[in-house]
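Observations on the three-dimensional arrangement
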Amino acid sequence: MKKQKEEKPISDELIDRLLEQGRTAEDVNFLLKQFTKAVLERALQGEMTEHLGYAKHDPAGNNSSNSRNGVSPKTLKGDFGEVELATPRDRNGDFEPLIVKKNQTRWTGFDDKILSQYARGMTTREIQGHLQEMYQVEVSPSLISEVTEGVMEQARAWQNRPLEPFYVVVFLDALYVKMRHEGRVENRAVYVALGIDLNGHKDVLGLWTSATEGAQFWMNVLTELRNRGVRDIYLVCVDGLKGFPRSFRKRRCSCVLSIWSAPA
């Protein structure tokens, strides 16, 4: 079995080097365009290698029935503007790239389409069929899984990020929404914690889901906030939440913090 290649995030040092030329919106947009161009051209060359069966300058290609034949320019339009691509050619003229097709002139955000359909509860196979039918684009189930898993990794990092030690106000509420859970779409309770810091800035401290709303889960939410760095809250607005411990109401939350968890 082929070992899956380990994904490595882009280092902060590399990002800093890329941004040395400027940090304005125009500079970042130019950087994104150049990065998109480099990635797409590298992917196209990879597709050509797969098509021919040997890498560039590989002796295995000597006297083969087909070989590389330079590149053709292509202008690709997308949300980032226009990018000039160098699309590889083969001598037989039968190379059909998938990531950017021969007659394709627009590069649209299929990640957004994948995530939108995934959020509606569609399976990877259903998403694959929908993109093929609506956009005539062949997207593998593995790519769909990589896109959704990549977003989930970012969501987990956001959910576990450190919080401020003090918030003036924290709003706690729960609402029921339809969401995908273990392959099914069902009604689930979404717990929301919204904080306001000393500068008046609002911040969603976290989102949690459960089959139902109850006191025990609210205790878990409060404990997690404390474990992520919250030490004092002046006022908590709960608006008569179902299952929220009555003993916590009409108390200054610094007292609540001390009774739901042991001191740090």
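A quick note: this is a predicted structure, and the numbers were derived from the prediction, not measured.

Cut-off values and rules
Residues numbered from 1 in each chain as written. Predicted model: local features only at pLDDT ≥ 70, side-chain atom pairs only at ≥ 80, totals over all residues. Heavy atoms only, no water. Helix = DSSP H or I, 4+ residues; strand = E, 2+ residues; numbered from the N terminus. Contact = heavy atoms within 4.5 Å. Areas by Shrake-Rupley, 256 points an atom, 1.4 Å probe, with all protein chains shown as cover. Phe/Tyr/Trp six-rings, centres within 6.5 Å; stacked < 30°, edge-to-face > 60°. Buried < 20%, exposed > 50% of the residue type's maximum accessible area, 1.4 Å probe, protein only. pLDDT = per-residue confidence, 0-100. Core = buried A, V, L, I, M, F, W, Y, C linked by side-chain atoms within 4.5 Å. Patch = residues over 30% accessible without salt bridge, like charges linked within 9 Å, V, L, I, M, F, W, Y side chains within 5 Å. Salt bridge = Lys/Arg side-chain N within 4 Å of Asp/Glu carboxyl O.

**What to know about the overall build of the protein**
Counting its secondary structure elements, the protein contains 7 helices and 7 strands. Secondary structure elements of the protein, listed N to C terminal, follow the sequence α-α-β-β-β-α-α-α-β-β-β-α-β-α. By sequence separation, contacts in the protein at least 24 residues apart represent 53% of the contacts at least 6 residues apart. For the protein, the computed accessible surface area is about 17,600 Å², with 53% contributed by carbon and sulfur atoms.

**Thoughts on the packing of aromatic side chains**
Between two aromatic rings, the relevant description is the distance of the centres plus the angle of the planes. One pass over the full model with this rule turns up 2 aromatic pairs. Aromatic pair Tyr-191 and Trp-218: ring centres 4.7 Å apart, planes at 75 degrees, arrangement edge-to-face. Of this pair, Tyr-191 sits in strand β5 (residues 184-196) while Trp-218 sits in helix α6 (residues 215-227), and the two are 27 residues apart along the sequence. By relative accessible area, Tyr-191 is classed as buried at 0%. One aromatic cluster is present, formed by Tyr-191, Phe-217 and Trp-218 through successive ring pairs.

**Notes on the confidence of the model for the protein**
On average, residues of the protein carry a pLDDT of 75, and 67% of them reach 70 or more. Taken element by element, the predicted model of the protein shows its lowest mean pLDDT in helix α7 (residues 253-260) (40) and its highest in strand β6 (residues 202-210) (90). Ignoring residues within four places in sequence, the model shows residues 1-7, a span with pLDDT below 50, making 0 contacts including any to other chains. In this model residues 249-264 is a low-confidence stretch, pLDDT under 50, and it forms 31 contacts with partners more than four residues away in sequence or in other chains.

**Quick word on the nonpolar core**
One broad rule of soluble globular proteins: the nonpolar side chains tend to lie buried together. Among the nonpolar cores identified, the biggest contains 17 residues, and Leu-172, Tyr-191, Leu-205 and Leu-225 are the most heavily contacted of them. Contributions of two or more residues to this core are made by β4 (166-181), β5, β6 and α6. Excluding residues within four positions of it along the chain, Leu-225 makes contact with Leu-163, Ala-193, Leu-205, Trp-208 and Val-230. By size, the runner-up hydrophobic cluster in this structure holds 6 residues, among which are Leu-40, Leu-44, Leu-76 and Val-83.

**Here we look at a nonpolar patch on the surface**
A surface patch of nonpolar side chains, about 230 Å² in accessible area, is lined by Trp-158, Val-204 and Leu-207. Mapped onto the fold, Leu-207 is located in strand β6. With relative accessibility at 42%, the residue Leu-207 sits in the partly exposed group.

**Digging into unusual backbone geometry**
Residues other than glycine seldom take positive phi values, yet His-57 does so here, at roughly 70 degrees. Relative to the helices and strands, His-57 is located in the loop between α2 (25-52) and β1 (68-78). Looking at His-57, the relative accessible area reads 74%, which means it is exposed.

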